[in-house]
Amino acid sequence: MPEITDKPPADTRKELEALSAQLDRDVPKRSKDNLLVATWNIREFGGLTDKWHSDQKDSPKRDLHALACITEIVSRFDVVAIQEVQTDIRALRHMLKALGDDFTVILTDAVEDDKGGHERLAFVFNRKRLEVSGLACELVVPLNWTKKKKPKAGIDQIALQRQFARTPYAVAFKKGNCTFILVTLHVIWGTGPQAIPERTEELSSIATWLRSWAEDTNNWDQNLICLGDFNIDRQGGDLWKAFTSTGLTTPDPIAKPRIIGGKPLEGFYDQISWFVDETDGKKPLLSLTFTGNANMFDWSETALAKSGMTRSQKSYRMSDHFPLWVEFSTKS
């Protein structure tokens, strides 16, 4: 039975070479003074078929070929927040084998209900570049937050009814003298007439919670960055307004609709964001310096590009999302 660490077949090697060349072109190289942060919703990232090429009878469809492509992409960043990790972490474990000793993972337990999709949230990071600075926590809404207590206005309804469908997960990392906190989340999707109001409420509650925290961490010369799948349908809509209601902002290079299969989409589902001080010309509440480099990585240019598969078929092997990334300078 083949392993992810085995030498791939010739067609996979050729594709990985093309993917590597695309990454060289589209993603900055690591340096001692930069930090590369990414987020990626990898569709149903759980099981794995131990073949280089799965066929129609195989379940799951994700095979070693696709996992090798996913691994190559993840390897280019210092830390990647991954959403939709499943209860079964076979694919994740094998990816870590392929990444080698330089990389490790921190992940949550699976959410054991249907609204949460039985998913985990994970951070895969390069431990030669980063160290964990000590903090790891879930964002839980205090029950005593009410509309009468500013700045927590508007959060009490969700607090008293339930917590978030998938509890946002925060981990603090350190690179040199720079400490930053990443908060990853996968906002509820839902179906039926209450789906949008419920999602709007969750986004608003998360934004309110995070703003209070960002102001505290900024006082300690730390950085709070929020990233993940926000399930925002379009810019300017109710979901977008809820997301940006407390000052969360997305850098211009990725504040645009995503492109899949050559066709523009309205969706702004995935985000990497931080807070700004509106009273000071929208000054970021960060001690990190955003370099201006950020983008979506369109793996479909090379990964499975010549497979003849439909977009849906590719999504079960790779994903129905593209990763987003941003570059910061850690130079003081």
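Read on for an overview of the structure.

### Comments concerning the overall build of the protein
Right, so step 1: Along its length, the protein carries seven helices and 15 strands.
Right, so step 2: A burial count over the protein gives 55% of its 332 residues as buried.
Right, so step 3: Long-range contacts, defined here as pairs at least 24 residues apart, represent 74% of the contacts in the protein between residues at least 6 apart.
Right, so step 4: Entry remark: accessible area of the protein is about 15,100 Å², with carbon and sulfur atoms responsible for 48%.

### Regarding the packing of aromatic side chains
Right, so step 1: Inspection of the entire model under this criterion finds 11 aromatic pairs.
Right, so step 2: Connected via pairs of aromatic rings, a cluster forms that spans Phe123, Phe125, Tyr169, Phe173 and Phe180.
Right, so step 3: Over the ring of Tyr316 we find Arg43, and its NZ or CZ is 3.8 Å from the ring centre.

### Looking at the packing of helix H1 (residues 10-26) against helix H2 (residues 64-74)
Right, so step 1: Look at H1 against H2: their axes get within 10 Å of each other, and the N-to-C directions meet at 20°. In terms of axis orientation, H1 runs roughly parallel to H2. Remark: the crossing between H1 and H2 carries right-handed chirality. Contacts from Thr12, Glu15, Leu16, Leu19, Ser20 and Leu23 in H1 reach His65, Ala68, Cys69, Glu72 and Ile73 in H2.
Right, so step 2: The residue makeup of the contact of H1 with H2, split by class, is six nonpolar, three polar and two charged.

Thresholds, definitions, all that
- Residues numbered from 1 in each chain as written.
- Predicted model: local features only at pLDDT ≥ 70, side-chain atom pairs only at ≥ 80, totals over all residues.
- Heavy atoms only, no water.
- Helix = DSSP H or I, 4+ residues; strand = E, 2+ residues; numbered from the N terminus.
- Buried < 20%, exposed > 50% of the residue type's maximum accessible area, 1.4 Å probe, protein only.
- Contact = heavy atoms within 4.5 Å.
- Areas by Shrake-Rupley, 256 points an atom, 1.4 Å probe, with all protein chains shown as cover.
- Phe/Tyr/Trp six-rings, centres within 6.5 Å; stacked < 30°, edge-to-face > 60°.
- Lys NZ or Arg CZ within 6 Å of the ring centre and 35° of its normal.
- Axes fitted to C-alpha atoms, helices over the stretch in contact; angles between N-to-C directions.
- Parallel < 35°, antiparallel > 145°, perpendicular 65-115°, else oblique.
- Left-handed = near helix turned anticlockwise from the far one by under 90°.
- Nonpolar A, V, L, I, M, F, W, Y, C, P; charged D, E, K, R; others polar.

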